[in-house]
Amino acid sequence: SISMAWSPFSLVQACRLHSMQADLSQPLMRLFKVSVFHHGLTHFFATQGEKADMERARWVADVSRTLRILTQSLFPPFSIRTNPHPGASWTGTRLLAGYLLLYDELGVSRVFGELHAHWDNAAAFAAYEDDCCDVQIVHLTIDMATCISD
């Protein structure tokens, strides 16, 4: 028996066996996987029978919906912001701001992030403890040499 905490950094996908030949040899079995990036693990599950396709689709939809509900529960009610925070002049170049989830070696935390306008050949991203923007916990400079990947 495996027990682990759900993570909002997870992906649920329908998948195939290792080859087309293997799929054809098991016409009544369908696979799906749950990748939990927070733990670096992928778990594979199978449905079997005449309704395997429909059952797999139901499982994928149900697990995906559960992960969405978990993720949404981590955010307070808020609206995306574009105006600077009153009394915080350093937010004056803000283009877009709102709550985000940050994953690092300490785990998952909710932060308030903002993207700043391009200036002097670079843009910036900052993350704060909350929407007051008093305590900055992340600052990234984004320029032509910045590598962006999944």
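The structure this text deals with has already been given above.
Just so you know, these numbers come straight off a predicted model, no measurement behind them. (Residues numbered from 1 in each chain as written. Predicted model: local features only at pLDDT ≥ 70, side-chain atom pairs only at ≥ 80, totals over all residues. Heavy atoms only, no water.)

Draft legend 1. Main features of the pairing of strand E2 (residues 29-36). Pairing of strand E1 (residues 10-15) with E2 involves 6 bridges; the strand directions are antiparallel. Directly across from Leu11, in E2, lies its bridge partner Ser35. (Pairing = 2+ DSSP bridges. Helix = DSSP H or I, 4+ residues; strand = E, 2+ residues; numbered from the N terminus.)

Draft legend 2. Inspection of the environment of Thr141 at higher detail. Turning to its location among the elements, Thr141 is positioned in strand E7 (residues 136-142). Thr141 gets classed as partly exposed once you look at its relative accessible area, which sits at 47%. A C-alpha to C-alpha distance of 33 Å links Thr141 and Thr42, two positions 99 residues apart in sequence. (Buried < 20%, exposed > 50% of the residue type's maximum accessible area, 1.4 Å probe, protein only.)

Draft legend 3. Representation of the sheet that holds strand E4 (residues 94-104) in the model. The strand order across the open sheet formed by 4 strands is E4-E5-E6-E7, and the pairing between neighbours is antiparallel. Two strands close off the open sheet at either side, each with one partner strand: E4 and E7. Adjacent strand axes in the sheet meet at a mean angle of 25°, parallel and antiparallel pairs treated alike. Relative to strand E5 (residues 107-119), E4 is paired through 10 bridges, and the arrangement is antiparallel. Bridge pairing in E5 links Leu96 to Leu115. (Axes fitted to C-alpha atoms, helices over the stretch in contact; angles between N-to-C directions.)

Draft legend 4. Expanded view of the nonpolar core. By size, the foremost hydrophobic cluster in this structure holds 7 residues: Val12, Phe32, Val34, Val36, Val60, Val63 and Leu67. Of all elements in the fold, only E2 and helix H2 (52-73) reach the threshold of two or more residues within this core. Dropping the residues within four chain positions of it, Val60 is found in contact with Val12, Gln13, Ala14 and Phe32. Ranked by size, the runner-up nonpolar core spans 6 residues in total, among them Ala97, Phe112, Ala126 and Cys133. (Core = buried A, V, L, I, M, F, W, Y, C linked by side-chain atoms within 4.5 Å. Contact = heavy atoms within 4.5 Å.)

Draft legend 5. Structural detail: the packing of aromatic side chains. Counting across every chain of the model gives 6 aromatic pairs. On the numbers, 6.2 Å between centres and 35° between planes, the contact of Phe75 with Phe78 is tilted. The exposure class assigned to Phe75 is partly exposed, which follows from its relative accessible area of 24%. Using a relative accessible area of 31% as the deciding quantity, one classes Phe78 as partly exposed. The structure contains a cluster of three or more aromatic residues connected by ring pairs, namely Phe75, Phe78, Tyr99 and Phe112. Above the face of the Tyr99 ring, Arg110 is positioned so that its terminal group lies 5.3 Å from the ring centre. (Phe/Tyr/Trp six-rings, centres within 6.5 Å; stacked < 30°, edge-to-face > 60°. Lys NZ or Arg CZ within 6 Å of the ring centre and 35° of its normal.)

Draft legend 6. How the structure looks around H2. In a regular helix each residue adds 1.5 Å, so 22 residues correspond to 32 Å; H2 covers 31 Å between its end C-alpha atoms and thus fits that length. The set of residues buried in H2 consists of Ala52, Arg56, Val60, Val63, Ser64 and Leu67. Across the axial projection of H2, the buried residues extend over an arc of 100°, all falling on one side. With respect to the buried face of H2, the exposed residues turned more than 90 degrees away are Met54, Ile69, Gln72 and Ser73. On its buried face, H2 sits against E1, E2 and strand E3 (41-48). (Expected span 1.5 Å × (residues − 1). Arc of directions from axis to C-beta.)

Draft legend 7. Here's a closer look at a nonpolar patch on the surface. On the surface, Phe78, Ile80, Leu95, Leu96 and Leu115 cluster together into a nonpolar patch covering about 430 Å² of accessible area. Mapped onto the elements of the fold, Leu95 is located in strand E4. (Patch = residues over 30% accessible without salt bridge, like charges linked within 9 Å, V, L, I, M, F, W, Y side chains within 5 Å. Areas by Shrake-Rupley, 256 points an atom, 1.4 Å probe, with all protein chains shown as cover. Salt bridge = Lys/Arg side-chain N within 4 Å of Asp/Glu carboxyl O.)

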